[in-house]
Each structure stands twice: as structure tokens, then as C-alpha cells.
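Report on the structure
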Amino acid sequence: MLKTSTFFILIFLLAVSVGAQNKPIDKPKESPVKKTNQRPENKSPKEKFDNADLKTMASQCVKLETEQGNVEIEMFPESAPETVRNFLNLTSLGIFDTTTFSRVVPDFIVQGGNIATRDTRTNEMTGRAYRNVPDEPNLIKHERGILSMARGDEPNSASSNFFILLGNGSHLDGSFAAFGRVTKGMEVVDAISKMPVENEKPEKPVKLKKATVIPCTTQSDK
């Protein structure tokens, strides 16, 4: 009986040994080979001026092509950096195109930037336009030709609406974010302000056909 058991144990061990020898050897996993023409990872900011410094933003102006003519505006990022950044981004995204100057207060302001007045818009575009920017009141005086941000009564409620001063607005100083100034085309702003209005709403709002970010020139039309 002992010899028989020993015989079966030897047979079992032999079978295990043969099976182990015939087991396929796992090949080491090869590391993925990078293509020589592999597209580099996109690390650019989501919007054009997201990472722009003050000098870069100050070198950019905005051209407003309206039904009454063209207006050019210089930026003051040193006084309102996030307001300028937002305005340049909205302009470069084309969000102001085909909007209107939907509010006019004679001898005071013309106001534009209302996304609801745009000819066409997407949900994404509307959401971007309504993104709030922080309040940046500063030392710039609200006087003729100054560009400033419109906002509600709540803090940090400015988004895309802006206004251009037709005259003195000293009561806005230190409360609203002045961030630019008209350098060319102030006569166009005056023409927009002379359109018939009722309760600050123009009967036929002037359209802003296109807004474009352009390099600033050195000459100003004050």
C-alpha cells in the first residue's frame, strides 16, 4: 500500500513539473512609443487674453463699427485689469457683434453690450456674456469719452454692459469701473445719443455691427 501511494505521488509531481515547463512565458509589456509627429499638448488659455499681462492689454484698442460710423477706444488695464481683460475677451469672441446701443440718456451716456439685443446667440454665448467680473472702482474720472462698466445694485454684478460718457459723470467716480477712453469717433457717439428716445430707450437703436481688438495707434482724438 505504501509503495502504491509513493508511485502516485511521483506521477503527480512529474505532471506538475511538465506543466510548469510548458506554460507560456509572459512577455514584458512594451512602453508606448511616441510618434515623432505627435501633436503637442494644448496649453493655451481658454480665452485669448486670460493670461495677458498689463503691457499686452494696454497695447490693444477696440474698434466699434456702428451704423453711425466707427469708434476706437483705448484700454486702461492698470486701473481695472479684470474689467479690461473681460472686455477684450468678449470682443475677441465676437459677442458684441450685432448688439445695439439699447440705452441712451441724453447729455449723459450711451450704453451697449446687452447680449439680449444680439441678432442671434447660443446658450453658451449668453452664459459667457452674463459671467460677472469683480468691481474695480478706481481714480479715473468719469468725464466725456470715458468707457465704464454698467452694473446692478449688487456688488460685483457687472458683466457685458458698458457705457460711454457724453459729459460729466462725477457722481460715478469711485463707484463704477472706468476702464477705457474714446480716442477716435466721439462724434459718432454724439450721433448715437441724438437718436429719438423714450424713457432712455431708443425708438430705433443703433446697431454695433462689429467689435474688433486692434493694435493701438499713438494719436488720440480727445
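What this report covers is the structure whose coordinates are included nearby. For clarity, every value in this text was computed on a predicted model and none was experimentally measured. (Residues numbered from 1 in each chain as written. Predicted model: local features only at pLDDT ≥ 70, side-chain atom pairs only at ≥ 80, totals over all residues. Heavy atoms only, no water.)

Another aspect to go through is the overall build of the chain. Counting its regular elements, the chain contains 5 helices and 11 strands. Of all 222 residues assigned to the chain, the portion counted as buried reaches 41%. Residue pairs in contact within the chain that sit at least 24 positions apart in sequence constitute 71% of those at least 6 positions apart. By element, 53% of the accessible surface of the chain is carried by carbon and sulfur atoms, the whole surface being about 14000 Å². (Helix = DSSP H or I, 4+ residues; strand = E, 2+ residues; numbered from the N terminus. Buried < 20%, exposed > 50% of the residue type's maximum accessible area, 1.4 Å probe, protein only. Contact = heavy atoms within 4.5 Å. Areas by Shrake-Rupley, 256 points an atom, 1.4 Å probe, with all protein chains shown as cover.)

A word on the side chain of S160. Along the polypeptide, S160 turns up in the loop between β6 (146-149) and β7 (162-165). Given a relative accessible area of 1%, S160 falls into the buried group. Looking at S160, its side chain comes within polar contact range of the main-chain oxygen of G113, at 2.7 Å. With residues up to four places along the chain from it excluded, the contact list for S160 reads L90, F96, G112, G113, I115, A129 and M149. (Polar contact = N/O pair within 3.5 Å; in protein donor to acceptor, adjacent residues only side chain to side chain.)

Moving on: the state of the cysteines. In this structure the tally under the stated criterion is 1 disulfide. A disulfide bridge connects C61 with C216, and the sulfur atoms are separated by 2.0 Å. On the sign convention where negative means left-handed, the S-S torsion of about 110° between C61 and C216 marks this disulfide as right-handed. Of this pair, C61 sits in strand β1 (residues 60-66) while C216 sits in the segment after β11 (207-215), placing them 155 residues apart in sequence. Take C61: its relative accessible area is 5%, and that puts it in the buried class. (Disulfide = S-S within 2.5 Å.)

Burial of β6 is two-sided: the residues I146 and S148 facing one way and the residues L147 and M149 facing the other way are all buried. As judged from the 3 bridges shared by β6 and strand β8 (residues 178-184), these two strands associate in the antiparallel manner. Looking across to β8, one finds that S148 is bridged to A178. Alignment of β6 against β7, held across 3 bridges, turns out to be antiparallel. Bridge pairing links M149 to F162 in β7. (Pairing = 2+ DSSP bridges.)

With that settled, consider unusual backbone geometry. A positive phi is found at N156, a non-glycine position, where the angle reads about 55°. The topology assignment puts N156 in the loop between β6 and β7. The class for N156 is partly exposed, based on a relative accessible area of 39%. A positive phi angle, close to 55°, is found at N199, a residue other than glycine. Structurally, N199 is set in the loop between β9 (197-198) and β10 (201-202). Residue classification places N199 among the exposed positions, given a relative accessible area of 72%.

Turning our attention to the packing of aromatic side chains. One pass over the full model with this rule turns up 6 aromatic pairs. One aromatic cluster is present, built from ring pairs that chain together F87, F96, F101, F162 and F179. If you follow R151 out to its NZ or CZ, it ends over the ring of F176, 4.4 Å from the centre. (Phe/Tyr/Trp six-rings, centres within 6.5 Å; stacked < 30°, edge-to-face > 60°. Lys NZ or Arg CZ within 6 Å of the ring centre and 35° of its normal.)

When the terminal C-alpha atoms of helix α3 (residues 81-92) are compared, their 16 Å separation across 12 residues agrees well with the 16 Å that a helix rising 1.5 Å per residue should span. α3 sits mainly inside the fold: 9 of its 12 residues count as buried. T83, V84, R85, N86, F87, L88, N89, L90 and T91 are the residues of α3 that are buried. Looking one or two places after α3, you find G94, whose phi comes out positive at around 80°. (Expected span 1.5 Å × (residues − 1).)

Attention now goes to the environment of A129. Inspection of the secondary structure puts A129 in helix α4 (residues 123-129). A129 sits in the buried class, given a relative accessible area of 1%. Filtering out sequence-adjacent residues up to four positions away, A129 remains in contact with L90, I95, I115, S159 and S160.

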